[in-house]
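Okay, here's what each chain looks like letter by letter:
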Amino acid sequence: MLWLFLGSLFLFLFLGVPVALSMLLSASFMLWKMDMFDAQLITENFVMGTNNFPLMAIPFFMLTGEIMKHGGISERIINFAMSMVGHIKGGLGYVVIISGLIFAGLSGSAVADTAALGAILIPMMVARKYDVARSTGLICAAGIISVVIPPSIPMIVYGITAGASITKLFMGGMVPGLLMVVGLWLVWKFLYRNEEQTVEPKKTAKERWVAFKAAFLPLLLPIIIIVGLRGGIFTPTEAGVVAAIYAAIISIILKGLTLDKIQEVFLGTIKTTAMVMFVAATAMISAFAVTVAQIPMELVEFIKGITDSPIILMFVIMIFLLLVGCVMDLIPAVLIFVPVLLPLLRAYNIDIAYFGIMMVINLSIGLITPPVGTVLYVGSGIAKIGIGRLTKGIYPFLLVYAAILILLMLFPEIVIVPMNWLS
């Protein structure tokens, strides 16, 4: 049944069927083969897929990202980063990395962050003779930090699907996210050690202070979220509400969010939320079919015949997920494969929160690899360059992310220690 499930799923994907419908069709096919197909059963599971309180965090963080984009917050953050490092050789690259880290703590959406960074910084980098493919590659690589640093939308989806603590996932994602920032910084410094670009004039202390004051209120949002979660002041779902309200208030205070933009903000939020929720609903049907077909137990028995080592198992799963990430978007991959892998993790005593962080980091790499990398296509569209050319510019950053993934597998304490700060 495992091969029937995977075969039918990837066949539908290969034929160009949307991911949500591919999951629905493959699950329906499996139920039909088991003589269990029932329209009422499918409908019940479809409704149950969205009837989950923690899922309410997703539209609120989506709303936060839309407010940030339309409310003028993005420009203030980028100006602040520019005032700090714009004068260094290759300085706009460091502006991308710092801005990417700050954006990650605001929206939790890789596509939204990449679009916001790219729209402002790609034209600036091209005007200053930076290599367009490499610059866009860096922006795409910085954009996916948002799926690791809290508040990460994929972490919320994983936590709901696996029954893991979302707060633990958020806390555990901080150090890997910072490692991604450091990795990008070192690679960019190496790439631009001998390059000559036009740099920004060095800002005075007064100019930096003005830029900091302009960005101060947006910069407080990630701190509010982390402190609130760490202190037990609010749940991840309530954190989404706090983030959206705070972003709206500061956008109004800063006079960036006007009445004519509110419709765009809510329309963008509705569209993206609807897509995520529809995938979540069809994934519940898929999870039901996988469970009744006993595919997880079949997989456990198959893997146990190969190895008894949790470390080797992790390497095998990570390689598999890297391949999956190349052909499937992050959230659908989480929703499809977590129910399949969960019994395997428990059989090998692997912490499901730790695995969740590793899975999200792994699949986030797929967002910047062809042929299905959504973030890659966003960057390509903004920079107006082909996917092949952009892939050449992004591969140094892919290598450093792969190295970080291996480091976290060999030394899981890097993730587990911060994750357990709550206990």
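The structure reproduced in this document is the subject of the present report. (Residues numbered from 1 in each chain as written. Predicted model: local features only at pLDDT ≥ 70, side-chain atom pairs only at ≥ 80, totals over all residues. Heavy atoms only, no water.)

## Describing helix H17 (residues 330–347)
Residues lying three or four places apart along an α-helix face the same way, a consequence of the helix completing one turn every 3.6 residues. Its 18 residues place the ends of H17 25 Å apart at the C-alpha level, agreeing with the 26 Å of an ideal helix rising 1.5 Å per residue. A bend of about 45° at Val-338 is the largest found in H17, and the proline Pro-339 appears one to four places after it. (Helix = DSSP H or I, 4+ residues; strand = E, 2+ residues; numbered from the N terminus. Expected span 1.5 Å × (residues − 1). Bend = angle between axes of the 7 residues up to and from the residue.)

## A look at the packing of helix H18 (residues 352–366) against helix H20 (residues 387–410)
It is at 10 Å that the axes of H18 and H20 come closest, and there the two elements cross at 165°. When the axes of H18 and H20 are compared, the pair comes out roughly antiparallel. The interaxial crossing formed by H18 with H20 has left-handed handedness. Across the interface between the two elements, Tyr-354, Met-358, Ile-361, Asn-362 and Ile-365 from H18 touch Leu-398, Tyr-401, Ala-402, Leu-405, Leu-408 and Met-409 from H20. In the contact of H18 with H20, the residues fall into 10 nonpolar, one polar and no charged. (Axes fitted to C-alpha atoms, helices over the stretch in contact; angles between N-to-C directions. Parallel < 35°, antiparallel > 145°, perpendicular 65-115°, else oblique. Left-handed = near helix turned anticlockwise from the far one by under 90°. Contact = heavy atoms within 4.5 Å. Nonpolar A, V, L, I, M, F, W, Y, C, P; charged D, E, K, R; others polar.)

## Structural notes on the nonpolar core
Core analysis: the largest hydrophobic core is formed by 140 residues, its most contacted members being Tyr-158, Leu-184, Phe-355 and Tyr-401. Of the residues forming this core, the biggest block, 13 residues, is contributed by H17. What Phe-355 contacts, discounting residues up to four positions off in sequence, is Tyr-158, Met-314, Ile-317, Met-318, Leu-321, Leu-341, Leu-345 and Ile-350. Leu-63, Ile-67, Leu-257 and Val-265 belong to the second largest nonpolar core, which has six residues in total. (Core = buried A, V, L, I, M, F, W, Y, C linked by side-chain atoms within 4.5 Å. Buried < 20%, exposed > 50% of the residue type's maximum accessible area, 1.4 Å probe, protein only.)

## A short note on the layout of surface pockets
The space that makes up the largest pocket amounts to roughly 750 Å³. Elements supplying a minimum of two residues to the lining of the largest pocket: helix H2 (19–33), helix H4 (57–70), helix H7 (110–127), helix H9 (153–162), helix H14 (259–292) and H17. In terms of residue count, the dominant contributor to the lining of the largest pocket is H14 (five residues). Looking at the lining of the largest pocket residue by residue, the classes come out as 19 nonpolar, five polar and three charged. (1 Å grid on protein atoms, 1.4 Å probe; cavity = no way out; pocket = protein on both sides within 12 Å on 5 of 7 lines; lining within 4 Å. Points joined across faces, edges and corners; volume = space filled by probe spheres on them.)

## Structural notes on the packing of H9 against H17
Packing of H9 against H17 brings their axes to within 9 Å, and their N-to-C directions diverge by 40°. Taken together, the axes of H9 and H17 are oblique relative to one another. Judged by the sense of rotation from one axis to the other, the crossing of H9 with H17 is right-handed. Contacts between H9 and H17 involve Ile-153, Pro-154, Val-157, Tyr-158, Thr-161 and Ala-162 from the former and Leu-330, Ile-331, Val-334, Leu-335, Val-338, Pro-339, Leu-342, Leu-345 and Arg-346 from the latter. Looking at the contact of H9 with H17 residue by residue, the class counts come to 13 nonpolar, one polar and one charged.

## Section: H14
In this model H14 runs 50 Å from its N-terminal to its C-terminal C-alpha over 34 residues, within 8% of the 50 Å that 1.5 Å per residue would give. Positive phi shows up at Gln-294, right after H14, with a value of about 60°.

## Some thoughts on the packing of aromatic side chains
Per the counting criterion, the structure on display carries seven aromatic pairs. Ring centres of Phe-320 and Phe-337 lie 5.4 Å apart, and the angle between their planes is 85°; this geometry places the pair in the edge-to-face category. One end of the pair, Phe-320, is in helix H16 (residues 310–327); the other, Phe-337, is in helix H17, and 17 residues separate them in sequence. For Phe-320, a relative accessible area of 30% corresponds to the partly exposed category. Relative accessible area serves as the criterion here: at 3%, Phe-337 is assigned to the buried category. Following the ring pairs from residue to residue traces out a cluster consisting of Phe-80, Trp-209, Phe-212 and Phe-216. (Phe/Tyr/Trp six-rings, centres within 6.5 Å; stacked < 30°, edge-to-face > 60°.)

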